[in-house]
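Tertiary structure, described
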Amino acid sequence: MWKLTPILVLITTPVLAQNWNSANGDNPFAADALAEQLSGQTLIFFDDGQSVYESNGQYQYTYAGGGTWYGHWEVTNDSTVCVIFVTGVERCDRIVENSGRLVMQTADGLRFPVREIEAHS
């Protein structure tokens, strides 16, 4: 039993490390509804950063001051979207709706409301 304990700790640590910092009024999406909400859309944040969710699964994040990260996005469960960047780095965030606005929650507890959503082709 004691030999399994370190393995169990490693398996459960990523789940325990996620602090979505939920707030009253946060409404999560079912996986298919979140995929539909994001596909073909650009989320523009209040710092002018932009997340582009192409309908073919490609993803781009452009910082307000310039610079773009490229990757591939996929919706998982619990209103979560994960991006695997071309560098091999993976990032998962939770997207909820609160008072009619989308809010991105990071695994380390930060919240970023979406200022605007633009459809693109």
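Here, the structure is the one placed above.
The sections below set out a description of the structure shown in this document. Predicted model only: the values in this text are computed from it and were never measured. (Residues numbered from 1 in each chain as written. Predicted model: local features only at pLDDT ≥ 70, side-chain atom pairs only at ≥ 80, totals over all residues. Heavy atoms only, no water.)

Time to look at the packing of aromatic side chains. Summed over the entire model, instances satisfying the criterion amount to 5 aromatic pairs. Aromatic pair Trp69 and Phe85: ring centres 5.1 Å apart, planes at 80 degrees, arrangement edge-to-face. Here the residue Trp69 occupies a position in strand 5 (residues 68-75), and Phe85 occupies one in strand 6 (residues 80-85), the gap between them amounting to 16 residues. Assessed through its relative accessible area of 36%, Trp69 is described here as partly exposed. Taken together, the aromatic side chains of Tyr53, Tyr59, Trp69, Trp73 and Phe85 make up a single cluster linked through ring pairs. (Phe/Tyr/Trp six-rings, centres within 6.5 Å; stacked < 30°, edge-to-face > 60°. Helix = DSSP H or I, 4+ residues; strand = E, 2+ residues; numbered from the N terminus. Buried < 20%, exposed > 50% of the residue type's maximum accessible area, 1.4 Å probe, protein only.)

With a relative accessible area of 9%, Phe85 lands in the buried category. Residues Phe85 and Trp73 lie 12 residues apart in sequence; the distance between their C-alpha atoms is 8.6 Å. Once residues lying within four places of it in the same chain are set aside, the contact partners of Phe85 are Tyr59, Trp69, Tyr70, Gly71 and Arg91. (Contact = heavy atoms within 4.5 Å.)

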